[in-house]
Amino acid sequence: MSLFSDEQILELLKRSNPWWQGEHTLRELPPIHRGAYREVLETVTAEDVRRFAVLSGARRVGKTTVLLQVARALLERGVPAENILYISFDDPILKLSGFAQVLETYRSYIPHTGVHYFLLDEVQYAEDWSLWVKRLYDSEPALRLAATGSASPSIEKGASDSGVGRWRVFRMPTLTFAEYCAVAGVENLPQGVPALEELPAMDRGAFGMLMMRLSFLEAYWNRYLVQGGFPELVHLHTARAQQLLREDVVDKVLKRDVPALFDVRNSVFLEKIYLYLCLKSGNIINYAEMSKALGVTKPTLSRYIDYLRDANLIYISHSVLATGKKGLSAQPKIYIADAALRNASLALPNPFSDSADLGMVVETAVYKHFQNAYARSAKVGYLRTPGKGKEVDVAVDFFPHDKFILCEAKYRNDAELAPNDALPTLCREGRAAAAFVATKSANDFTIMQPFADSGTPIVKIPAFALCYLLNARYQ
């Protein structure tokens, strides 16, 4: 027996879909379109290949906004309002009523014909949603569907269970620096800037002019590091933004989402593990040492770290050279998914007061930007040279492990490289397709000649300029 009548469900659906009644509240949505919006819209409107779209990301990264922007685009393209259904399964009434009753109510009370679109928000909270979606895909060829969720494996497993070839899966990170500047309303953002890979071949004069064009962004970079890449918080005071990050992102994920979706028997241990990783963001994690320090067994530690990754709170960076059994046993580096999450979780309102802490924050931001730019087409991790094991912070491997895009974060004044450091060594050996050093000062930039007659030049570039260029192409 249902807990709610069809009329109650219908009333809720009307509130969630105001376009059915001719209301155009979607005009108030942000005008900025993120890369995920374009990917989802292209997927659900493609005429040659029918695919559903699934979008995974942390809380408050803007997944709901993407779905509503897709709804607005469909309406602007002439799709009848009644052919667009938006559902948020985070709503307690819809959680209790179930997917079947919601769909039946829509079919009975909102007449629609032809191609129609389902936009399902936080779909992991709908019981047996993947089974329903599989049936819908097979039984309704006119249906196009996009779904979002905060827990990646729950979403991706459901997509897999629904059938290979039915879905395209996208992960949505927090705002990149380029997106942050656009959302913040920064005026006169540089247009037509080169891709990062083009910099090593640039004339030094042209490179210097480019750095001058980007130099005014340094002030926004400092704010971005403290405030983070969450669209709704961009215009808030830093202290208020960090409070909301703790309450709406970290606490809800640790104390509600993860325990509800995974086998978490001790939420206190989960929080301790997360805070420890915040403290060590950007470092290689020794599971044995961490297990001893926190009083948590290694199996529990490993499982909970995977849960934090799956909940989009952390990145796990593996050595790009480690494969097979060696790859499984190699110690990973852990990064918090957004530098501001680290600051908020550890109650660090001003990371600029400590140079070592600031270095961790910047390396975290640099890694996230490389992930966003390259993870769809390559493996992003770190690289450690043989022998003494000198390490490069970020390595992009396009396979088959012959050449890499490499980046070292040296966020200090007058960052220097010695000839025997890992990055120059790899460039000298011809292992780098491109090499970068992320520096602190807006004036600390150059294109360094190779350390030998053959090899790859190294581009020293301010971290804010590097991160802006990494993702400016997607704006």
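Above this note sits the structure.
Below is a summary of the structure that appears in this document. Keep in mind that this is a model prediction, so the values were computed, not measured.

1. A short note on the pairing of strand 10 (residues 391–397)
Burial of strand 10 is extensive: six of the seven residues sit out of reach of the surface. When strand 10 meets strand 11 (residues 404–409), the two strands line up antiparallel, connected through four bridges. Of the residues in strand 11, the one forming a bridge with Val396 is Ile405.

2. Section: the packing of helix 10 (residues 218–227) against helix 11 (residues 238–261)
Taken N-terminus to C-terminus, the directions of helix 10 and helix 11 make an angle of 35 degrees; their axes are 10 Å apart at the nearest point. Seen from helix 10, the contacting residues are Arg223, Val226 and Gln227; seen from helix 11, they are Thr238, Ala241, Gln242 and Leu245. Classifying every residue of the contact of helix 10 with helix 11 by side-chain character gives three nonpolar, three polar and one charged.

3. Observations concerning the nonpolar core
Of all hydrophobic cores here, the largest spans 151 residues; its most connected members are Trp221, Leu277, Phe370 and Leu466. Excluding its chain neighbours within four sequence positions, the residues that come into contact with Leu277 are Ile285, Met290, Ile305, Leu308, Ile314, Ile334 and Ile336. Formed by 16 residues, the second largest nonpolar core is a distinct cluster that contains Ala422, Leu423, Cys427 and Met448.

4. Remarks on the sheet that holds strand 8 (residues 333–336)
The strand order across the open sheet formed by three strands is 6-8-7, and the pairing between neighbours is antiparallel. The open sheet has two edge strands, strand 6 (283–284) and strand 7 (314–317), and neither has a second partner. In this sheet, strand 8 lies alongside strand 7 in antiparallel orientation, the contact comprising four bridges. Counted as the bridge partner of Ser317 is Lys333 from strand 8.

5. Digging into the sheet that holds strand 5 (residues 167–172)
Read across the open sheet, the five strands follow the order 2-3-4-1-5; overall the sheet is parallel. One side of each edge strand has no neighbouring strand; the edge strands of this open sheet are strand 2 (84–88) and strand 5. Strand after strand, the sheet turns through a mean of 15 degrees between neighbouring axes, direction not considered. Contacting strand 2 and strand 3 (116–121), helix 5 (residues 99–109) crosses the sheet at an angle of about 150 degrees to strand 2.

Cut-offs applied
- Residues numbered from 1 in each chain as written.
- Predicted model: local features only at pLDDT ≥ 70, side-chain atom pairs only at ≥ 80, totals over all residues.
- Heavy atoms only, no water.
- Buried < 20%, exposed > 50% of the residue type's maximum accessible area, 1.4 Å probe, protein only.
- Helix = DSSP H or I, 4+ residues; strand = E, 2+ residues; numbered from the N terminus.
- Pairing = 2+ DSSP bridges.
- Axes fitted to C-alpha atoms, helices over the stretch in contact; angles between N-to-C directions.
- Contact = heavy atoms within 4.5 Å.
- Nonpolar A, V, L, I, M, F, W, Y, C, P; charged D, E, K, R; others polar.
- Core = buried A, V, L, I, M, F, W, Y, C linked by side-chain atoms within 4.5 Å.

Bear in mind that shape data such as this cannot, by itself, settle questions of function.
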